[in-house]
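# Observations on chain architecture
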Amino acid sequence: MKLIEGDRLPTLTSNRLELRWLEQCNALSLFDIYSNPEAMRYWCTTPWANPSEGTECIASIHRCFSAQSLFEWGVFKTDDEKLIGTCTLAQIDADHRRAEIGFMLRPDCWGHGYMTDALAALLEFSFKLLRLHRIEADVDPRNDASIRLLERLGFQREGYVRERWLVGEEINDGILYGLLCHEYSPATP
Ligand SMILES: CC(C)(COP(=O)(O)OP(=O)(O)OC[C@H]1O[C@@H](n2cnc3c(N)ncnc32)[C@H](O)[C@@H]1OP(=O)(O)O)[C@@H](O)C(=O)NCCC(=O)NCCS
């Protein structure tokens with residue numbers, strides 16, 4: 001069953017942001033974000049080292065959209081059109097109507113509530129239009145900003161998973177969060 005018809009993701013909007021389909025012309029801006037060690041501190045991979053990874057990532061996002069296995073939007077500021085991050089639904093399981101959420105923002109844009117806005121738009125779309133029942137998140141226990149963000153949006157802590165991620169020289173734990181459709185209130189943030 002296809003969750004989204006057509007050849008690309010729909011654009012989602014909030015007051016200050018647009019969540020849009022990524023194009024190859026965004027590859028260098030994406031590399032700029034994903035090569036930043038501060039942004040990647042608690043990510044599941046080490047920082048990107050080669051600009052070609054931006055091009056490969058966008059090609060992979062397009063393939064995954066065709067396979068309906070992962071939906072990844074670019075987060076653009078509406079005032080200056082700059083790409084400042086990404087929002088993702090991964091591990092999409094249409095039969096069980098669930099997916100895992102991911103999010104990334106350029107460090108110079110942290111602390112302004114941008115990702116609260118972006119995820120509110122994505123959750124609204126996921127629960128109301130895609131009719132997902134459950135959205136999950138897996139976050140490093142040391143990632144305080146992400147934990148605050150998820151809890152502000154109403155995600156509940158469901159479990160602690162030991163040594164789940166091998167990232168470079170580190171072995172990292174994860175905390176699993178979940179948000180159910182009937183628990184979500186657009187007013188939560
Ligand atoms: C996690 C991350 C996306 C948070 O982004 P953010 O935009 O700074 O997060 P928020 O939207 O929650 O905003 C942060 C702060 O801005 C404040 N804020 C300022 N203006 C605001 C507004 N208009 N609306 C809401 N919050 C606002 C909030 O109070 C919040 O403060 P707090 O976290 O101290 O409570 C960002 O730190 C990041 O990209 N980290 C690296 C990637 C990562 O680890 N991803 C998660 C992998 S699981």
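That block above? That's the structure.
Here the structure is a predicted model, which is why all the values come from computation and not from measurement.

### Quick notes on the overall build of the protein chain
Check the secondary structure of the protein chain and you find four helices and eight strands. The secondary structure elements of the protein chain, listed N-terminal to C-terminal, are β-β-α-α-β-β-β-α-β-α-β-β. With the C-alpha coordinates aligned to their principal axes, the bounding extent of the protein chain is approximately 40 × 40 × 35 Å. Per-residue burial over the protein chain gives 47% buried out of 189 residues. Sequence-distant contacts in the protein chain: of pairs separated by 6 or more residues, those separated by 24 or more amount to 62%. Per element, the accessible surface of the protein chain, about 9,900 Å² overall, is 48% carbon and sulfur.

### Some remarks on the pattern of salt bridges
Two side chains bearing opposite charge may form a pair once their charged atoms approach each other closely. If you walk through the whole model with that rule in mind, you get 17 salt bridges. Taking the shortest distance from any N to any O, the salt bridge between Arg16 and Asp117 comes out at 2.9 Å. In this pair, Arg16 is assigned in the loop between strand 1 (12–13) and strand 2 (17–20) and Asp117 in helix 3 (residues 114–129), connecting sequence segments 101 residues apart. Look at Arg16 and you get partly exposed, because its relative accessible area is 31%.

### Here we look at the site of the ligand
Surrounding the ligand, one finds 20 residues, the nearest of these being Leu105, Gly111, Thr116, Arg148 and Arg152. A distance of 3.3 Å is found between an oxygen atom of the ligand and a side-chain nitrogen or oxygen belonging to Trp110. In this structure, Arg152 approaches the ligand through a side-chain N or O atom, which is 2.6 Å from an oxygen atom. About the coverage of the ligand: the protein hides 74% of its 960 Å² of free accessible area. Taken together, the elements giving at least two residues each to the shell around the ligand come down to strand 5 (98–105), helix 3 and helix 4 (144–152). Looking at which element gives the most residues to the shell around the ligand, the answer is helix 4, with five residues. Each residue belonging to the shell around the ligand can be placed in one class, and the counts come to 10 nonpolar, six polar and four charged.

### Considering unusual backbone geometry
Of note, the phi angle at Gln91 is positive, near 50°, even though the residue is not glycine. With respect to the helices and strands, the residue Gln91 is situated in strand 4 (residues 83–93). Here the phi dihedral of Arg97 falls at roughly 55°; this positive angle occurs in a residue that is not glycine. Mapped onto the elements, Arg97 comes out in the loop between strand 4 and strand 5.

### Focus on the nonpolar core
If you look at the biggest cluster of nonpolar residues, it comprises 44 residues, and the most contacted ones within it are Phe71, Leu89, Ile101 and Phe155. Those elements that provide at least two residues to this core are strand 2, strand 3 (71–77), strand 4, strand 5, helix 3, strand 6 (134–139), helix 4 and strand 8 (170–180). Sorting elements by how many residues they give to this core places helix 3 first, with nine residues. Residues within four places of Leu89 in sequence aside, it is in contact with Ser69, Leu70, Phe71, Trp73, Ala99, Glu100, Ile101, Leu122, Ser126, Leu130 and Leu132. Core analysis: the next-biggest nonpolar cluster, separate from the first, contains 15 residues, Ala27, Leu30, Ala39 and Ile58 among them.

### Section: the environment of Ile61
Note on placement: Ile61 falls in helix 2 (residues 52–67). Accessibility expressed as a relative area gives 3% for Ile61, which makes it buried. Residues Ile61 and Leu22, spaced 39 residues apart in sequence, show a C-alpha to C-alpha distance of 8.2 Å. Residues contacting Ile61, with those up to four places away along its chain left out, are Leu22 and Glu72.

### Some details on the pairing of strand 2
If a strand is regular, its side chains alternate between the two faces of the sheet. The pairing of strand 1 with strand 2 spans two bridges and is antiparallel. What sits directly across from Leu12, in strand 2, is Leu19. If you look at the hairpin formed by strand 1 and strand 2, you'll find three residues sitting between the two strands.

Definitions and limits used
- Residues numbered from 1 in each chain as written.
- Predicted model: local features only at pLDDT ≥ 70, side-chain atom pairs only at ≥ 80, totals over all residues.
- Heavy atoms only, no water.
- Helix = DSSP H or I, 4+ residues; strand = E, 2+ residues; numbered from the N terminus.
- Buried < 20%, exposed > 50% of the residue type's maximum accessible area, 1.4 Å probe, protein only.
- Contact = heavy atoms within 4.5 Å.
- Areas by Shrake-Rupley, 256 points an atom, 1.4 Å probe, with all protein chains shown as cover.
- Salt bridge = Lys/Arg side-chain N within 4 Å of Asp/Glu carboxyl O.
- Near = heavy atom within 4 Å.
- Polar contact = N/O pair within 3.5 Å; in protein donor to acceptor, adjacent residues only side chain to side chain.
- Nonpolar A, V, L, I, M, F, W, Y, C, P; charged D, E, K, R; others polar.
- Core = buried A, V, L, I, M, F, W, Y, C linked by side-chain atoms within 4.5 Å.
- Pairing = 2+ DSSP bridges.

Purely spatial values, then, with no claim about function.
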